[in-house]
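Descriptive structure summary
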Amino acid sequence: MAAKAGEFTIPLAKMSIKPVPGRVDSKGIVSSIFLSLAMIGLLQFAERLDTFFFGGLFPVAGRIISITMIGLGTMLYGLVGGIIVADINPLIATATGTSPIAPFWLLTNAAQAVCAWLVGARFKNVISWPCVVAYTVAASVVLVAMYIPLHVFYFKMPWQKMLNLYAFQTLLSIPVPAIFLRGLLGVIRNAGFVEE
Amino acid sequence: MARLLYTFALEGRSWVTRLHPMTMATLVLSVAIVAFSTLHLGVLGATLLVLLLFMVVGRLPTRTTLAPMVLILPLCFFITLIQTLARPEGIVASWNLLGREITISAVGFILGLRITLRVVLLAMILTIFFTVVHPAKFTKALCDLRVPFKYAYSFTLALRFLPLMLEELATIKNAQQSRGYDIDQVNPFLRVFRIFPLMVPLVLIALRRASTIALALDLRAFDARPDRTFFVDVNRGPLDLGLRAVGLSAAAVVLIAAIAGWL
């Protein structure tokens with residue numbers, strides 16, 4: 001199905017195909033891998049901050065970067081591309097020993113890609129504020145819901161006493177990634193990476 | 001970014017690098033089952049000793065393999081701190097700070113240390129996995145499990161291009177610095193909000209470079225034939241089967257003991 005003028009649907013890199021699996025040709029796969037590598041590079045700054053403030057237990061900066069980049073990957077290349085963007089990072093983080101909870105990110109990052117797909121598939125124009133805000137809200141809520149079992153079963157943390165920290169994380173992980181993602185999608189559209 | 005662990009596997013100087021990747025995956029699974037089943041100090045301590053023994057017998061590079069453990073220290077510190085301050089049992093000291101009661105729990109402190117041991121175990125087995133498994137063999141093993149080649153290959157491709165992208169990021173950072181924007185000088189509380197000037201050029205460069213590489217891959221008929229060949233081969237030997245049996249049996253015993261309440 002061809003997109004109408006002014007409509008930008010998932011996957012933006014080839015809007016005429018379905019979002020699942022999305023763009024899975026060589027270009028789609030390699031571009032997803034490169035987006036994940038860009039995410040790994042940017043996460044170097046974020047993980048340092050998260051380790052400094054909370055030992056990496058309550059990632060805030062990392063969450064901002066991951067929500068932005070995974071949303072971008074999914075909106076550009078569809079669900080499979082989004083999952084590649086999401087799940088290369090935990091593998092590399094484990095391979096380089098940068099975080100002990102990196103294997104858990106396989107699930108949390110994939111969940112963000114699924115959120116981006118579910119939200120994006122409901123919008124006729126994903127390069128819009130309502131779409132990116134809906135995605136960041138969905139991703140933030142799902143992440144908190146997934147981190148509670150990690151904190152309870154893995155770290156035996158009293159999660160009721162962590163509610164303030166969860167609220168703080170969510171407070172930042174909704175507006176900031178929305179601004180970043182909307183900006184990036186606009187830049188990518190103007191740079192000519194969006195195809196019919 | 002830490003040194004990539006798999007360089008040891010590429011050198012192939014140890015017998016453990018010749019193990020089947022799925023044998024190592026089975027050992028990771030076994031240790032994960034043990035670590036998640038119980039917080040019993042004896043069991044976790046014994047597992048840690050087994051892993052250290054495996055490192056010695058396998059002649060793994062100690063410094064490279066244990067270096068990631070340093071990175072988990074802040075995490076373990078915060079876990080122990082939170083447990084010590086938040087647990088209501090075994091209070092050994094308390095005082096009033098600005099109208100709020102602060103308590104120190106001995107039970108929480110011990111629990112924090114046990115969780116630290118659990119985190120160390122999981123981090124160590126994953127580090128060992130990526131130290132001894134050759135990425136190309138891992139791809140082959142995944143293909144043998146009927147994972148489509150283009151997806152199985154993506155991890156190897158990512159490892160190969162990671163240094164390139166980090167170099168691009170450094171170049172962008174230098175370019176922005178020369179324009180007066182230095183992210184390292186930004187207030188740490190605001191740093192993540194100021195990352196956008198690095199993010200935009202990095203994403204555009206990544207997409208542009210990916211287009212070129214995808215074109216090169218297509219020109220070389222990437223994934224054009226389903227019956228592809230590999231320059232490495234992976235075989236299961238008696239040692240593989242033995243290690244898998246021992247690992248899974250030990251994990252099953254601990255799991256059953258934990259469910260039965262013996263641990």
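As the structure is a prediction and not an experimental result, all values here were calculated from the model. In this convention, every chain numbers its residues from 1, walking through the sequence in written order. For this description, chains carry letters from A and ligands carry numbers from 1, given in the order in which they are written. Given that this is a predicted model, residues contribute local features only at a pLDDT of at least 70 and side-chain atom pairs are listed and counted only at 80 or more, while totals for whole chains, interfaces and linings are drawn from all residues.

1. What about the overall build of chain A?
Along chain A, the regular secondary structure elements total 6 helices and 0 strands. Seen in sequence order, chain A has helices and strands lined up from the N terminus as α-α-α-α-α-α. Since a compact globule built from 196 residues should have a radius of gyration of about 16 Å, the 16 Å found for chain A is in line with a globular shape. A principal-axis box enclosing the C-alpha atoms of chain A has dimensions of 50 × 35 × 25 Å. Counting other C-beta atoms within 10 Å of its own, a residue is labelled buried from 20 upward, exposed at 12 or fewer, and partly exposed in the gap between, with every C-beta atom placed from the backbone. Residue burial in chain A is summarised as follows: out of 196 residues, 58% are buried. Expressed as a percentage of contacts within chain A between residues at least 6 apart in sequence, the contacts between residues at least 24 apart total 69%. Secondary structure elements follow DSSP: runs of H or I of four or more residues count as helices, runs of E of two or more count as strands, with numbering from the N terminus. Between the two quantities, the radius of gyration covers C-alpha atoms and the globule rule is 2.2 Å times the number of residues to the power 0.38. Residue pairs are scored as contacts if the distance between their C-beta atoms, which are placed from the backbone, is within 7 Å.

2. A word on the overall build of chain B
Along chain B, the regular secondary structure elements total 10 helices and 2 strands. When the helices and strands of chain B are listed from N to C terminus, the series reads α-α-α-α-α-β-β-α-α-α-α-α. Taking 18 Å as the expected radius of gyration for a compact globule of 263 residues, we find that chain B reaches 24 Å, considerably beyond that expectation. For the C-alpha atoms alone, the extent of chain B along its principal axes is close to 70 × 60 × 30 Å. Relative to its full complement of 263 residues, chain B shows a buried share of 35%. For chain B, the share of sequence-separated contacts (at least 6 apart) that also reach a separation of at least 24 residues comes to 75%.

3. Examining the confidence of the model for chain B
When the pLDDT values of chain B are averaged, the result is 89; 98% of them are 70 or greater. Values of pLDDT, which run from 0 to 100, indicate the predictor's confidence residue by residue. Taken element by element, the predicted model of chain B shows its lowest mean pLDDT in helix H1 (residues 7–11) of chain B (73) and its highest in helix H10 (residues 238–260) of chain B (95).

4. Some details on the environment of A:Ala110
Residues and elements named next belong to chain A. In this fold, Ala110 is placed in helix H3 (residues 102–120). Note on Ala110: 17 C-beta atoms within 10 Å, which makes it partly exposed. In sequence terms Ala110 and Cys131 are 21 residues apart; their C-alpha atoms lie 19 Å from each other. Contact partners of Ala110, with chain neighbours within four places excluded, come to Ile83, Ala86 and Asp87.

5. What to know about the pairing of strand E1 (residues 91–97) of chain B
Residues and elements named next belong to chain B. Within E1, only 0 of the 7 residues are buried, which leaves the element largely exposed. For two strands to pair, DSSP has to find at least two bridges joining them. When E1 meets strand E2 (residues 100–105), the two strands line up antiparallel, connected through 6 bridges. Directly across from Trp95, in E2, lies its bridge partner Ile102. Counting the residues that bridge the hairpin from E1 to E2 gives 2 residues, and of these Leu98 lies at a positive phi of roughly 55°.

6. Here we look at the nonpolar core
For soluble globular proteins, nonpolar side chains are generally found buried alongside one another. Of all hydrophobic cores here, the largest spans 129 residues; its most connected members are A:Phe34, A:Ala38, A:Leu42, B:Ile125 and B:Ala206. In terms of residues, this core owes the most to one element, helix H2 (residues 61–95) of chain A, which gives 21 residues. The split into domains, and so the bounds of each, comes from an automatic or database assignment of domains. Looking at which domains feed residues into this core, each of domain 1 (1–134 + 233–263) and domain 2 (148–231) of chain B supplies at least three. Dropping the residues within four chain positions of it, A:Leu42 is found in contact with A:Ile65, B:Ile195, B:Leu198, B:Met199 and B:Leu202. Only buried Ala, Val, Leu, Ile, Met, Phe, Trp, Tyr and Cys residues enter a nonpolar core, and they are joined through C-beta atoms within 7 Å.

7. Some words on the domain arrangement of chain B
Along its sequence, chain B is carved into domain 1 (1–134 + 233–263) and domain 2 (148–231). Each of domain 1 of chain B and domain 2 of chain B has a C-alpha centre, and these two points are 31 Å apart.

8. With respect to the packing of helix H8 (residues 149–178) of chain B against helix H9 (residues 196–219) of chain B
Residue and element names in this part refer to chain B. The axes used here are C-alpha line fits, helices contributing only the stretch in contact, and every angle between their N-to-C directions lies in the interval 0 to 180 degrees. Contact pair H8 / H9: the axes reach a minimum separation of 10 Å and the direction vectors enclose 135°. With respect to H9, the element H8 is oriented oblique. Crossing geometry of H8 relative to H9 is assigned as right-handed. Of H9, the residues touching H8 (which contributes Met165, Glu168, Leu169, Ile172, Lys173 and Gln176) are Pro197, Leu198, Pro201, Leu202, Ile205 and Ala206. Roughly parallel means an angle under 35 degrees; roughly antiparallel means over 145; roughly perpendicular covers 65 to 115; every other angle is labelled oblique. Throughout, a crossing is termed right-handed when the near helix is turned clockwise from the far one, and left-handed when it is turned anticlockwise from it by less than a right angle.

9. Details of the interface of chain B and chain A
How big an interface is tends to be stated in terms of accessible area lost as the parts join. At the junction of the two partners, chain B supplies 57 residues and chain A supplies 49 residues. Counting residues per element, the side of chain B that touches chain A draws most heavily on H9(B), at 16 residues. Residue type decides the class: Asp, Glu, Lys and Arg count as charged, Ala, Val, Leu, Ile, Met, Phe, Trp, Tyr, Cys and Pro as nonpolar, and the leftover types, Gly among them, as polar. In terms of residue class, the side of chain B that touches chain A is built from 50 nonpolar, 3 polar and 4 charged.

10. Looking at the environment of A:Ser173
Residues and elements named next belong to chain A. Structurally, Ser173 is set in helix H5 (residues 163–173). We classify Ser173 as buried; it has 26 C-beta atoms within 10 Å. Not counting chain neighbours up to four residues away, the residues in contact with Ser173 comprise Arg63, Ile64, Ile67, Thr136 and Ser140.

11. Structural notes on H9(B)
Residues spaced three or four apart along an α-helix point in a common direction, a consequence of the helix completing one turn every 3.6 residues. Residues and elements named next belong to chain B. Helices are assigned an expected span. That span is 1.5 Å times one less than the residue count. The terminal C-alpha atoms of H9 lie 35 Å apart, and with 24 residues this matches the ideal 34 Å at 1.5 Å per residue to within 8%. Among all positions of H9, only Leu198, Met199, Leu202, Val203, Ala206, Leu207, Ala210 and Ala214 are buried. A positive phi of about 60° marks Ala221, the residue just after H9.

12. Focus: unusual backbone geometry
Across the junction of A:Ile10 and A:Pro11, the peptide omega takes the value -5°, indicating a cis bond. For A:Pro11, the location among the structural elements is in the segment before helix H1 (26–54). Residues other than glycine seldom take positive phi values, yet B:Asp223 does so here, at roughly 60°. Mapped onto the elements of the fold, B:Asp223 is located in the loop between H9 and H10.

13. With respect to the packing of helix H5 (residues 73–86) of chain B against helix H6 (residues 106–132) of chain B
Residue and element names in this part refer to chain B. Contact geometry for H5 and H6: axes closest at 7 Å, N-to-C directions at 155°. Here H5 lies roughly antiparallel to H6, going by the angle between them. Handedness of the crossing formed by H5 with H6: right-handed. Taken together, the residues of H6 that come into contact with H5 (itself represented by Leu75, Cys76, Ile79, Thr80, Gln83, Thr84 and Ala86) are Gly108, Phe109, Leu111, Gly112, Leu113, Ile115, Thr116 and Val119. Here the residues of the contact of H5 with H6 are counted per class, giving 9 nonpolar, 6 polar and no charged.

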